[in-house]
Structures are given as structure tokens and as C-alpha cells.
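# Residue-level structure breakdown
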Amino acid sequence: MKLAVVVQRYGADINGGAELHARYIAERLSRHADVEVLTTCAKDYVTWKNERPAGVEQVNGVTVRRFPVSRERHPYEFGRKSIRVFEQLHSLADELSWLESEGPASPALISYLEGAADSYDFVLIFSYRYYHAWHAARRVAPKAIVVPTAERDPAIGLSIFGPVFRGVRAVMYNSPEERAMIQAASRNEHIPGVVVGVGSEVPERTDPARFRRAFNIHKPFAIYIGRIDENKGCAELFSHYLRYAATFPRGLDLVLIGNAIIDIPDHPKVHHLGFLSDRDKFDALAASDLLIMPSYFESLSMVALEAWALGRPVLANGRCDVLKGQCIRSNAGLYYERYEEFVEALYSLESNGPLHAHLGRNGRAYFRRHYTWPVIERKYLEMFAELKRELPPRGGSYGKGESSNGHVMEPLPGWLTRRARNLPPGREVLERIPAGPVRTGTA
């Protein structure tokens, strides 16, 4: 079996988000199939500037084909077009212009994929909302399996994405909340799909004492790991934590791991360690009392899964459906929507508190049931087997844009129809999609 993994950026030095998700999946599936990664020459997700050489290389034993980005993203232009499609009545042409502006625009990648499609059994496409994903899914629909990594943001309300979700072979969801949102937005319940998520390279042994010595942190602490950004809820986290620290000076310190986009509070109990190696990160998690996940938007939090794997409870932003749902289903975390809930949860989750050990055990069990690599790999392999069992349509082969279940990727309307400004704002569509955590489900 030969697989293509198509993703916007790729590299051993990209340590977060859908790109790390894609790399983990590519490397694990390479144990079962011949895997090639098709990606761009970009490193920076803001500009998509070509920084890596085009061509073929090996990354951790996986073949990676890189293709140039035809135009960098201009943040002002992209922001202006985002306002139009998310906030205003607009046309399908406006949405396509927005997609082109968002990037990473790489016609060379799409052209190569279309020409080589016959050599792949399936094409795994990561991050639905980008140029490469939309074009790839439409060009190779009969073999396309989308891994959406969709967050609850207005992009899911754009009309260009519904036909993609209804026209591909299968969808690998990150969470029950993501599946419910996409199905409500696109009405793609007939398309095979499974909640699978992603595993993580969690070490068998950690050394919390080594971390404390190396970074001179000796008091109990809560930890945040990720990009330190307002969009990740960090500004609210800092506001809540500083109130907590002023009220409870003997309470938990706050350790921050990751690159900072916003200013870090200058406070003796706040420790910003910057970007750390995986060894330091996992030792820090093991040394912590709990992980705080303040993000408003997630399709799946890998670091929350890593915390649970190490038996650490999670305190999550309750306004994020995915995080709240995972805390409920795992019974391994608490969540907050206002300061009073934040402070009470911090107290309850201290290592000498009433819930810490109980929730930690639940977290370990939850991770082992749903997110160890054998579980993740089995779900992918079972999906491949299911799709291979499907009979091709009459005539013995699939037509261009035709899926095995007889559905055809819906064509774009004509020139005049594409320019009719009669589509509702993406945010308005999003607000009509039911919200809230899914309290039952497999993960």
C-alpha cells in the first residue's frame, strides 16, 4: 500500500499543531505502508515564505517532496478578505479569493499530486481550510481522506468547504465535537468517518527532579505548554493567574514553555522557559501539579493528552467545546469560564488536593484506551481496509472526481453564479451550528 500525506508545512523542527500531527501520522504509518509526504517549501505559517529547497529529502526515514509556494501571504490583504467572508454578505468568488490569499498557494504541488494520483492508494490531506487541502481534495477525491483539524471558527461556515466534506472518500476526525460541527455544517453523514485523533511520543520514564535542578524551580507549579499568544487564551490566563497569585501568595507558581507572541507578566511566580527540548518538556510536565489549557479553539490538544499520559490533571477553558468534552469524557480534568471557577479549580487540582491523584489515574487510563499508538494506527488501518472493500462503480474504475460510494465531487457553479453576493457571513453560519461538548463518544 502506498500513501501520500499532504500538509502545508513539514519538518522535524516544526513542533506543534496540524504539522506535527501530520508528521507523527506519516512516521507511524510508514511502518505499515510506503509513505510519501507532499508539502511546500515554507517554514513560517504567517507568510508561507519559501525557506526550504524544493525537491526530495528524507525526514526521519520518510520521503518528503517539497514544492515552492507561488506567492507569499500578505497579512493585511488576508485580513481584509477574511472580514469580507466572515462578517459580510459575499460571493463564492470572494471565498475563493480568500482561500488563495490564505495560502499556501502551491500549484506545483497540486499539479504533481494530480499527475501521480494513480500511484497512491490513498491521499491523507491535513487541515481542510488551506489552499493545498481544498485543491488536493477536489483533484483526487476518489482517494482523498481528509484530516480536518477543524476549530470552531468562521471558516467552517464558508460554502466552499461543504462540497469537499461531502465528496471525499473518508474523514478522520480529531474529536466527537469536531465531527458534530463538520456534519452540521456540511451534511456529510454519508461519508465514512471515525474519531481517531493522534498519539504522542511520550517517554516511558521522566525525571522531574532533573528538571527542577536544571531550571531552579522548586515550588509546586502549574504549567502551560504552547505558543504564548492571545489567540491561545494566554492573555486571559495571565489576568486570572495574577489575581490568584495576589490572593494566594503561597499558591502554585506558573511555568510557561513555548515561544512568546505577547508580553509575559513580570512576576516572581511566573517562569517563562522558552522553547524546550522534548526531554525537558516531558520532565517539566511530570514535575508539575497540573496542565492549564486556556485556549478557546482546539480540534484536539496534544499536550493535554501528554499530560494525561503522565498522570497529570488538566484545567481547561470551558468555552472550548473540545477541551470541555475531553475533560468530561475522561473524568481527568476540570474547566473554567470565569475567574472564580479558575481559582477554585487550581486549589482542587494541587498535588496535595482532594482530586489530583484520582483525576491523574483517570487521565492515564483515558490515554491508554484511546491515544496510544497501537490504537491510532489500528483505526487508520481499519479505515483503509474498509475503503478497499468498497466495490468500484459499474465499469470497474472511478471517474474523475467520483467517489467509491457513487457520490461525485460537486462542480463549481458558473462564472456569473460564483460572483453573486448572496452567501451569508461565515460567522453567522457558525452561530447556527449547535455548540457544546459531546458527553458520550469514543474519544
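The next subject is helix 8 (residues 208-215). Since the α-helix packs 3.6 residues into each turn, any two residues three or four apart lie on the same face. When we look at burial in helix 8, the residues that qualify are Arg210, Phe211 and Arg212. On its buried face, helix 8 sits against strand 9 (221-225), strand 11 (270-274) and helix 10 (278-287). Two residues or fewer past helix 8, Asn216 is found with a positive phi of approximately 55°.

One can describe the packing of helix 11 (residues 302-309) onto helix 14 (residues 356-370) by two numbers: an axis separation of 7 Å at closest approach and a directional angle of 115°. Classified by the interaxial angle, the pair formed by helix 11 and helix 14 is roughly perpendicular. Contact residues: Leu305, Trp308 and Ala309 in helix 11; Gly360, Gly363, Arg364, Tyr366 and Phe367 in helix 14. Its residues placed into classes, the contact of helix 11 with helix 14 shows 5 nonpolar, 2 polar and 1 charged.

On to the packing of aromatic side chains, then. As enumerated under the stated definition, the model contains 18 aromatic pairs in all. Between the aromatic rings of Phe122 and Phe384, the centroid separation amounts to 5.3 Å while the plane-to-plane angle is 10°, which identifies the pairing as stacked. Linking Phe122 in strand 5 (residues 122-126) with Phe384 in helix 15 (residues 373-389), this pair joins segments that are 262 residues apart in sequence. Since its relative accessible area comes to 3%, Phe122 is described here as buried.

Next up on the list: the environment of Ala18. For Ala18, the location among the structural elements is in helix 1 (residues 17-29). Between the C-alpha atoms of Ala18 and His358, which are 340 residues apart in sequence, the distance is 31 Å. Ignoring sequence-local partners within four residues, the contact set of Ala18 consists of Val7, Gln8, Phe126, Ser127 and Thr149.

Rules behind the numbers
Residues numbered from 1 in each chain as written. Predicted model: local features only at pLDDT ≥ 70, side-chain atom pairs only at ≥ 80, totals over all residues. Heavy atoms only, no water. Buried < 20%, exposed > 50% of the residue type's maximum accessible area, 1.4 Å probe, protein only. Helix = DSSP H or I, 4+ residues; strand = E, 2+ residues; numbered from the N terminus. Contact = heavy atoms within 4.5 Å. Axes fitted to C-alpha atoms, helices over the stretch in contact; angles between N-to-C directions. Parallel < 35°, antiparallel > 145°, perpendicular 65-115°, else oblique. Nonpolar A, V, L, I, M, F, W, Y, C, P; charged D, E, K, R; others polar. Phe/Tyr/Trp six-rings, centres within 6.5 Å; stacked < 30°, edge-to-face > 60°.

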